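# Examining the three-dimensional arrangement
Here's the letter readout for the chains.
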Amino acid sequence: MVVRVVTRGLDVGSARAVAALTLLALGGAILVLRPDRVATDRSDVTVVAGGEVAATQMAGRSAAPAPAIAPVAAHRLRPPVVRTALAHAAADTRVMDQAAAMQPPDPRGTAIEQRVATAFRARAALADARDVVVTCTVTLCEVAGTTGADPATARSALRDDGLLRAMATLGYSSGPDEEAPGNGGTAFVMYLNREI
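The model shown is predicted, which means the values in this text are computed figures rather than measured ones.

### Comments concerning the packing of helix H4 (residues 110-123) against helix H6 (residues 161-169)
As a packed pair, H4 and H6 sit with axes 9 Å apart at the nearest point and diverge in direction by 160°. It follows from the interaxial angle that H4 and H6 lie roughly antiparallel. The chirality of how H4 crosses H6 is right-handed. Where H4 approaches H6, its residues Val116, Ala119, Phe120 and Arg123 are matched on the opposing element by Gly162, Leu163, Ala166 and Met167.

Here it is, written out as structure tokens:
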């Protein structure tokens, strides 16, 4: 997937920056044309792919090849509790779900998932949390499970300062979360952004 961004001196805004980073995280590529010129010629093209930046100088109609895009990991099956929690999720949360499903696993392996799960169980104000599943990729961790608490109580617990501080000590900042009534309680999912 290639996106061309021509700003002609305009501020692209944070929403487009997030969209661009999401495309990169999902294995896409972006062409960014220099916004400091009113007329953009072919020498102003920068190709950003797979986290690498390379200037592509275009002479006439021929261009240097763009850097190879790293292959996207096979789509992983999502735990049923995640599907339940995301039944009515906002678009930004669905993007995080897609990233968790498609990104390569965290190179630190299951050790980081165990550390996140341990911190979650120790700090989350959801004593009855069950079926907790932690999935960590190269850019995020997803924590999903079920609780007997109502959705509002679960949301409050997932946004608790103590829990978020514990995750920050592991190198994660808070992302979106979703809570939805499900069979036997409330299904929840929270996303944590890896601070790289």
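### Notes on the pairing of strand S8 (residues 140-147)
Counting buried residues along S8, eight of its eight residues qualify, which places the element largely inside the surrounding structure. Side chains Leu140, Glu142, Ala144 and Thr146 of S8 all project onto a buried face; the interleaved residues Cys141, Val143, Gly145 and Thr147 project onto the opposite face, where all are buried too. Summarising the sheet, strand S7 (residues 130-136) and S8 pair through five bridges and their orientation is antiparallel. Considered in S8, the bridge of arginine 130 is made with threonine 146. Joining the antiparallel neighbours S7 and S8 is a turn of three residues. One ladder, built from eight bridges, connects S8 with strand S10 (residues 185-194); its direction is antiparallel. Bridge assignment links cysteine 141 to a residue of S10, and that residue is leucine 192.

### Regarding the confidence of the model for the protein chain
If pLDDT is low for a region, its predicted coordinates should not be looked at in detail. This prediction gives the protein chain a mean pLDDT of 73; 61% of its residues lie at or above 70. Predicted confidence is poor over residues 1-12, with pLDDT under 50, and the contacts of this stretch with residues over four places away or in other chains come to 24 contacts.

### Quick look at the pattern of salt bridges
Counted by the stated rule, this structure contains four salt bridges. Arginine 108 is paired through a salt bridge with aspartate 106; the nearest N and O atoms lie 2.7 Å apart. Looking at arginine 108, the relative accessible area reads 35%, which means it is partly exposed. Between aspartate 177 and arginine 159 there is a salt bridge, with its nearest N and O atoms 2.9 Å apart. With aspartate 177 in strand S9 (residues 172-182) and arginine 159 in the loop between helix H5 (151-158) and H6, the pair connects residues that are 18 residues apart, well separated along the chain. Residues participating in the shared-partner salt-bridge network are Asp106, Arg108 and Arg194.

### A closer look at H4
End to end, H4 covers 20 Å across 14 residues, agreeing with the expected 20 Å (1.5 Å per residue, within 8%). Considered for burial, the residues of H4 that qualify are Ile112, Val116, Ala117, Ala119 and Phe120. Here the buried residues of H4 occupy an arc of 165° about the axis, which is enough to place them on one side. For H4, the exposed residues lying more than 90 degrees away from the buried face are Thr110, Gln114, Thr118, Arg121 and Ala122.

### A closer look at the packing of aromatic side chains
What characterises a pair of aromatic rings is the spacing of the ring centres plus the angle enclosed by the ring planes. Applying the stated criterion across every chain, the model contains one aromatic pair. Note on phenylalanine 120 and phenylalanine 188: the rings are 5.8 Å apart at their centroids and 25° apart in plane angle, and the pair reads as stacked. Taken as a pair, phenylalanine 120 in helix H4 and phenylalanine 188 in strand S10 lie far apart in primary sequence, 68 residues in all. For the pair formed by phenylalanine 120 and phenylalanine 188, the shared burial category is buried.

### Section: unusual backbone geometry
Notably, aspartate 131 is not glycine yet its phi reads approximately 55°, a positive angle. Take aspartate 131: it is sitting in strand S7.

### Some remarks on the nonpolar core
Counting residues in each nonpolar core, the largest one holds 24 residues, and the members touching the most others are Val116, Phe120, Leu126, Val143, Met167, Tyr172 and Leu192. Residue assignment for this core shows that the elements contributing at least two residues are H4, S7, S8, H5, H6 and S10. Of the residues forming this core, the biggest block, five residues, is contributed by H4. Those residues within four positions of tyrosine 172 in sequence are excluded, and the remaining contacts are Asp106, Arg108, Ile112, Val116, Cys136, Leu140, Cys141, Met167, Leu192, Asn193, Arg194 and Glu195.

Thresholds, definitions, all that
Residues numbered from 1 in each chain as written. Predicted model: local features only at pLDDT ≥ 70, side-chain atom pairs only at ≥ 80, totals over all residues. Heavy atoms only, no water. Axes fitted to C-alpha atoms, helices over the stretch in contact; angles between N-to-C directions. Helix = DSSP H or I, 4+ residues; strand = E, 2+ residues; numbered from the N terminus. Parallel < 35°, antiparallel > 145°, perpendicular 65-115°, else oblique. Left-handed = near helix turned anticlockwise from the far one by under 90°. Contact = heavy atoms within 4.5 Å. Buried < 20%, exposed > 50% of the residue type's maximum accessible area, 1.4 Å probe, protein only. Pairing = 2+ DSSP bridges. pLDDT = per-residue confidence, 0-100. Salt bridge = Lys/Arg side-chain N within 4 Å of Asp/Glu carboxyl O. Expected span 1.5 Å × (residues − 1). Arc of directions from axis to C-beta. Phe/Tyr/Trp six-rings, centres within 6.5 Å; stacked < 30°, edge-to-face > 60°. Core = buried A, V, L, I, M, F, W, Y, C linked by side-chain atoms within 4.5 Å.

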